[in-house]
Amino acid sequence: MKLDGLDLILLETLHAHPRVGDLELSRVAGVARATVQSRLRKLAEAGVIRDWAPTIDPAAAGHTVQAFVTLEISQGALEDVRRDLAEIPEVLEAYVTTGSFDVFCKVATGSHAKLQEVLVRIDQSHAVVRSTSVVTLSTLIEPRTLDLLRTGATPR
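About the cut-offs
Residues numbered from 1 in each chain as written. Predicted model: local features only at pLDDT ≥ 70, side-chain atom pairs only at ≥ 80, totals over all residues. Heavy atoms only, no water. Helix = DSSP H or I, 4+ residues; strand = E, 2+ residues; numbered from the N terminus. Rg over C-alpha atoms; globule rule 2.2 N^0.38 Å. Buried < 20%, exposed > 50% of the residue type's maximum accessible area, 1.4 Å probe, protein only. Contact = heavy atoms within 4.5 Å. Core = buried A, V, L, I, M, F, W, Y, C linked by side-chain atoms within 4.5 Å. Axes fitted to C-alpha atoms, helices over the stretch in contact; angles between N-to-C directions. Parallel < 35°, antiparallel > 145°, perpendicular 65-115°, else oblique. Left-handed = near helix turned anticlockwise from the far one by under 90°. Pairing = 2+ DSSP bridges. Domains from an automatic or database assignment. Salt bridge = Lys/Arg side-chain N within 4 Å of Asp/Glu carboxyl O.

(A) Main features of the overall build of the protein. On a plain count of helices and strands, the protein comes out with six helices and four strands. Counting from the amino terminus, helix and strand elements in the protein follow one another as α-α-α-β-α-β-β-α-β-α. Here the C-alpha atoms of the protein give a radius of gyration of 20 Å, more than 25% beyond the 15 Å that 2.2 N^0.38 yields for 156 residues. For the protein, the spread of C-alpha atoms along the principal axes amounts to about 55 × 35 × 25 Å. Counting the 156 residues in the protein, one finds 30% classified as buried. A sequence separation of at least 24 residues applies to 67% of the contacts in the protein between residues at least 6 apart.

See the structure below:
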C-alpha cells in the first residue's frame, strides 16, 4: 500500500496518542470524521496497522534479561522448530533468515538463570542442530517505523 500525507498524519498522531478518538484525529488531520474512519479501515485491512493493542515493555514488566538467539536447524524441520519455539513463552519473536543460520529469535527472561533454562529448552528441540546466543546490554535504537514510512509517502 502506498501511503500519502494523510495516512502519515493519522499514523503519527496514533503513535503519539494511542487513545485518541476519530473525532480528534479528524480535527488534527483537517478532514471529515468519515474520511478518518475510512482511512483507518483501509490501513488496517492492508495490514499497515496490525492491531490496536498497547505496546508492552518486557523489561518494565520484570523480564529484564533479553537475548538474541540464532539457530541452525535440520533440513526440512522449519515447522517443527516453529512449533517448539511457540511452546516457549520467553521466545518473543522468531524469523526465518538467510545466511549462516536459519532462524533468529528474540528472548526475554527475568534472570540469567532463567535465560539458561530457556536456552537449554530451545536446544532440546530435535530440529535444532546448533544455537548461539548474545545477551543485550542496552537498546541503541528503539523499534521504529514512522521514519521509514516518511521516506516513501507522497505529500498530501
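(B) Layout of the nonpolar core. One finds L71, L85, C105, V107 and I122 to be the most contacted residues of the largest nonpolar core, which totals 19 residues. Broken down by secondary-structure element, the contributors of at least two residues to this core are β1 (65-73), α4 (78-86), β3 (103-109) and α5 (112-123). With five residues, β1 is the largest single contributor of residues to this core. Sequence-distant contacts of L85, defined by excluding residues within four places in its chain, comprise L71, V91, A94, V103, C105 and I122.

(C) How the structure looks around the packing of helix α1 (residues 5-16) against helix α2 (residues 22-29). Direction vectors running N to C along α1 and α2 enclose 130 degrees, while the axes themselves pass 10 Å from each other. On the basis of their axis angle, the class for α1 and α2 is oblique. The two elements α1 and α2 meet at a crossing, and its hand is right-handed. Of the residues in α2, those touching α1 at L6, I9, L10, T13 and L14 are L25, V28 and A29.

(D) Quick look at the pairing of β1. Summarising burial for β1: seven of the nine residues are buried, a large majority. For β1 and β3, the ladder comprises seven bridges, and the chain directions are antiparallel. Residue pairing for β3: V65 is matched across the bridge by T109.

(E) Focus on the domain arrangement of the protein. In terms of domain boundaries, the protein breaks down into domain 1 (5-53) and domain 2 (59-136). Taking only C-alpha atoms into account, the centre of domain 1 sits 35 Å from that of domain 2.

(F) Spotlight on the sheet that holds strand β2 (residues 91-96). If you walk across this open sheet you meet the four strands as β2-β3-β1-β4, and the pairing is antiparallel. Across the chains shown, the open sheet's two edge strands, defined by having one partner strand only, are β2 and β4 (128-135). Here the average twist between neighbouring strands, direction ignored, is 20 degrees. Examined bridge by bridge, β1 and β4 share seven bridges and lie antiparallel to one another. Looking across to β4, one finds that V69 is bridged to S133.

(G) Here's a closer look at the pattern of salt bridges. Per the stated rule, a full pass over the model turns up ten salt bridges. A salt bridge links R27 to E24; the shortest N-O distance between them is 2.5 Å. Of this pair, R27 and E24 both sit in helix α2, three residues apart, roughly one helical turn. Relative accessible area serves as the criterion here: at 57%, R27 is assigned to the exposed category. R83 is the partner of D80 in a salt bridge, and the nearest nitrogen-oxygen pair spans 2.8 Å. Placement of both D80 and R83 in helix α4 is noted, with a separation of three residues, approximately one turn of the helix. The class of R83 is partly exposed, set by a relative accessible area of 38%. Through salt bridges that share partners, E12, R144, D147 and R150 make up one connected network.

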